[in-house]
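The lines below spell out each chain.
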Amino acid sequence: MAHEFIPYGHQSISEEDIAAVAAVLRGDWLTCGPDVDAFERAFAQYVGAKHAVSFANGTAALHGAMSAAGVEPGDAVIVPPLTFAATSNSAVYLGGVPVFADISRDTFCMDPADADRAARECGRRVKVFAPVSFAGYPVDIAAFKELARRHGAVVIEDGCHALGAERNGKKVGAEADMTAFSFHPVKHITTGEGGMVTTDSDRYAEHLRAFRAHGITRDPSKFKRSYAGGWDNDMQCLGYNYRLSDIQCALGASQLKRVDHFVARRREIAAMYEERLRDIDGVELPPSCAGHSWHLFAARFPADRRAQIFDRLREAGLGVQVHYIPVYAHSFYREHFPQDAARFPVSEETCARELSLPIFCGMTDEQVDLAVEDVRQALRS
Ligand SMILES: *Cc1c(COP(=O)(O)O)cnc(C)c1O
């Protein structure tokens, strides 16, 4: 008998969040106003970075970061196959060439050794290493910074899964040259659609701010031609309209006040899953560590039964998902950037066996029990 549907992720909106949004609607600034600055300042402070620059969504944030890193046509950008397509797409927008490196079995994040091999063998100028803190596991940024130093490249962390995750006493967003976040409703905090890039670099921050607002500046000190007066503005690079509105930033700032609670609850749920699934034959637990912020609970099942288990769990009312189809397996990538899948054995195996179990702040202990029981039943042949 199916129970009420349990989604794999769900936002958590409070009356305070609603009041914060309503206050903006009653005010003067719906966009380009003080709530944007306030959210950016609070976010930078939370992760421990000098700057935070908001974007319309996480993909736009990655696009801005790739542009700030100087990705030009033909440049290699080293990415893992196990991610949402946007990690790689954001480089392709600029004419960059995605060069894939396999993930590590122990973390499900890009393996620094394979990334080094890919960078050395690709025969292109390597501009960016773009590791993903997959599922909320904080990827080893120090290893990628060392690689980037040797290859003369920049580290852009895709931290879209990893708000609140920590490594060596630092939050994700404080360590890479730039880190991109998403505020889609399934992520740790939401603004409906939204994104952010954090960085300690003044130069990157300035580029990011121009890039998300048409490349236009009104600051007389930045003018490359003569300044004509108070009305003047100058478009200095080809930017986009990638701004996040004050309505959304007010929601983001309000959500950010509860982020530690959101992360703590996700950790509790992950610990319950780990304890209860450990002894069930046929389930393998995801990589775990103390600083994990658990966007996903990416369990593995036998590859030959995954489809059947997926269908059974969905029939039982459990909103499982597959994260992900390898990026290079999408038709667009097959056509434009064909790969030999045999070079990425860990990604191939993980993608063939993975099922994400529901995990979100509002999930109750009873729902965790239901999910565990569903898994137990689905594995009975
Ligand atoms: C969600 C996500 C993105 C893109 O974020 P959007 O806000 O949906 O554009 C990029 N990378 C990863 C790994 C994501 O999970």
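Being a predicted model, the structure only gives us computed values, none of them experimental.

### Regarding the overall build of the protein chain
Here is step 1 of the chain: The secondary structure content of the protein chain amounts to 13 helices and 13 strands.
Here is step 2 of the chain: The globule rule puts the C-alpha radius of gyration for 381 residues at 21 Å, and the 21 Å found for the protein chain is close to it.
Here is step 3 of the chain: With the principal axes as the frame, the protein chain shows a C-alpha extent of 75 × 55 × 40 Å.
Here is step 4 of the chain: With 381 residues in all, the protein chain has 56% of them scored as buried.
Here is step 5 of the chain: Within the protein chain, residue pairs in contact and separated by at least 24 positions form 72% of the contacts whose partners lie at least 6 positions apart.
Here is step 6 of the chain: Just so you have it, the protein chain exposes about 16,200 Å², and 50% of that area is on carbon and sulfur atoms.

### Quick look at the packing of helix H2 (residues 34-47) against helix H8 (residues 246-256)
Here is step 1 of the chain: At their nearest, the axes of H2 and H8 sit 8 Å apart, and the two run at 30 degrees to each other. With respect to each other, H2 and H8 are oriented roughly parallel. Our pair here, H2 against H8, has a crossing hand that is left-handed. Where H2 abuts H8, its residues Pro 34, Asp 35, Val 36, Phe 39, Ala 42, Phe 43 and Tyr 46 lie against Asp 246, Cys 249, Ala 250, Gly 252, Ala 253 and Leu 256.
Here is step 2 of the chain: Here the residues of the contact of H2 with H8 sort into ten nonpolar, one polar and two charged.

### A word on the pairing of strand E12 (residues 297-300)
Here is step 1 of the chain: On E12, burial covers both faces: Phe 297 and Ala 299 on one face and Ala 298 and Arg 300 on the other are all buried.
Here is step 2 of the chain: As defined by bridge partners, E12 adjoins strand E13 (residues 354-357) across four bridges and the pair is classed as antiparallel. Looking at E13, one finds that Phe 297 is bridged to Leu 357.

### Overview of the sheet that holds strand E2 (residues 76-79)
Here is step 1 of the chain: What the seven strands build is an open sheet, ordered E1-E9-E8-E5-E4-E2-E3; its pairing is mixed. Looking at strand neighbours, the two that pair on one side only are strand E1 (51-55) and strand E3 (97-100), the edges of this open sheet. Ignoring strand direction, the axes of neighbouring strands in this sheet form an average angle of 25 degrees.
Here is step 2 of the chain: Where E2 meets strand E4 (residues 126-129), three bridges bridge the pair, whose relative direction is parallel. Opposite Val 77, over in E4, you have Val 128 as the bridge partner.

Thresholds applied
Residues numbered from 1 in each chain as written. Predicted model: local features only at pLDDT ≥ 70, side-chain atom pairs only at ≥ 80, totals over all residues. Heavy atoms only, no water. Helix = DSSP H or I, 4+ residues; strand = E, 2+ residues; numbered from the N terminus. Rg over C-alpha atoms; globule rule 2.2 N^0.38 Å. Buried < 20%, exposed > 50% of the residue type's maximum accessible area, 1.4 Å probe, protein only. Contact = heavy atoms within 4.5 Å. Areas by Shrake-Rupley, 256 points an atom, 1.4 Å probe, with all protein chains shown as cover. Axes fitted to C-alpha atoms, helices over the stretch in contact; angles between N-to-C directions. Parallel < 35°, antiparallel > 145°, perpendicular 65-115°, else oblique. Left-handed = near helix turned anticlockwise from the far one by under 90°. Nonpolar A, V, L, I, M, F, W, Y, C, P; charged D, E, K, R; others polar. Pairing = 2+ DSSP bridges.

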